[in-house]
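Summary of structural features
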Amino acid sequence: MTQKRAEQIHRLSTNPIASSVLIVAGACEMLLLARLVARALAARPDNPVIMVLYTVTAPFVRPFDFLNATQPPFGAVLEFSTLLVTLLVPLLALVIWHYRSQHHDGVYVERNDAWEASATNLSERTST
């Protein structure tokens, strides 16, 4: 890996927008996996913790509720809607992160190259 590419990767890892996208996606993924496990193990929905979990994750799962139409509302169930969203969240985060890295990276590299060129010119002028 070249030094320039290593610097680009470092800039992307310290980019606050890219980092926040990954953190939010990770938190959503964790909640969705907890919901998937809770539904698969037939967690009682009247439990306050499970009730909060279902309430928080419901907006993510609701658009795909048609996938669960044939399943019973209670008991041990593999929610296909939650499984689908659990697979889509990392893909969406990857697309956003990739878009932000491409868009942000080009501007930053051009500015960085211009800064390095001006710094080199300045050091050449001061050394003579």
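Our structure's up above, just so we're on the same page.
Remember, predicted model here, so these are calculated numbers, not experimental data.

Moving on, we come to helix H3 (residues 48-61). For H3, built from 14 residues, the straight-helix expectation of 20 Å at 1.5 Å per residue is met to within 8% by its first-to-last C-alpha distance of 19 Å. At Thr-55, H3 shows its largest bend, some 25°, and a proline, Pro-59, comes one to four positions later. If you check which residues of H3 are buried, you get Ile-50, Leu-53, Tyr-54, Thr-57, Ala-58 and Val-61. By the N-cap criterion, in which a side-chain oxygen at the helix start approaches the backbone nitrogen of a residue two or three places on, H3 is capped by Asn-47, the distance to Val-49 being 3.1 Å.

Taken together, Phe-66, Leu-67, Leu-78, Phe-80, Leu-83 and Leu-87 make up a surface patch of nonpolar side chains, about 560 Å² in accessible area. Following the sequence through the fold, Leu-67 ends up in the loop between H3 and helix H4 (80-127).

As for its placement among the helices and strands, Phe-74 is situated in the loop between H3 and H4. Accessibility expressed as a relative area gives 58% for Phe-74, which makes it exposed. Between the alpha carbons of Phe-74 and Arg-44 there is a distance of 8.4 Å; along the sequence they are 30 residues apart. Those residues within four positions of Phe-74 in sequence are excluded, and the remaining contacts are Arg-39 and Pro-45.

What follows is about the nonpolar core. Counting residues in hydrophobic clusters, the biggest one holds eight residues: Val-21, Ala-25, Cys-28, Leu-32, Val-61, Val-85, Val-89 and Ala-93. Of all the secondary-structure elements, those providing two or more residues to this core are helix H2 (16-40) and H4. In terms of residue count, H2 provides more of this core than any other element does, four residues in total. Not counting the four nearest positions on each side in its chain, Cys-28 is found in contact with Phe-60 and Val-89.

Turning next to the environment of Ala-34. Looking at the secondary structure, you find Ala-34 in helix H2. Classification of Ala-34 as partly exposed rests on a relative accessible area of 33%. On a C-alpha basis, the gap between Ala-34 and Leu-53 in space is 7.9 Å, while along the polypeptide they are 19 residues apart.

A few words now on H2. When the terminal C-alpha atoms of H2 are compared, their 36 Å separation across 25 residues agrees well with the 36 Å that a helix rising 1.5 Å per residue should span. When H2 is considered as a whole, its buried residues turn out to be Ala-18, Val-21, Ala-25, Cys-28, Glu-29, Leu-32, Arg-35, Leu-36, Ala-38 and Arg-39. Of the residues flanking the end of H2, it is Ala-42, one or two places downstream, whose phi is positive at about 60°.

Following the criterion strictly, the structure yields three salt bridges and no others. Between Arg-35 and Glu-79 there is a salt bridge whose closest N-O contact spans 2.9 Å. Of this pair, Arg-35 sits in helix H2 while Glu-79 sits in the loop between H3 and H4, placing them 44 residues apart in sequence. Residue Arg-35 is classed as buried on the basis of its relative accessible area, which comes to 9%. Relative accessible area serves as the criterion here: at 6%, Glu-79 is assigned to the buried category. Salt bridges sharing partners connect three or more residues here, namely Arg-35, Arg-39 and Glu-79.

Procedures and definitions
Residues numbered from 1 in each chain as written. Predicted model: local features only at pLDDT ≥ 70, side-chain atom pairs only at ≥ 80, totals over all residues. Heavy atoms only, no water. Helix = DSSP H or I, 4+ residues; strand = E, 2+ residues; numbered from the N terminus. Expected span 1.5 Å × (residues − 1). Bend = angle between axes of the 7 residues up to and from the residue. Buried < 20%, exposed > 50% of the residue type's maximum accessible area, 1.4 Å probe, protein only. Polar contact = N/O pair within 3.5 Å; in protein donor to acceptor, adjacent residues only side chain to side chain. Patch = residues over 30% accessible without salt bridge, like charges linked within 9 Å, V, L, I, M, F, W, Y side chains within 5 Å. Areas by Shrake-Rupley, 256 points an atom, 1.4 Å probe, with all protein chains shown as cover. Salt bridge = Lys/Arg side-chain N within 4 Å of Asp/Glu carboxyl O. Contact = heavy atoms within 4.5 Å. Core = buried A, V, L, I, M, F, W, Y, C linked by side-chain atoms within 4.5 Å.

Function-wise, these values are silent; they only describe arrangement.
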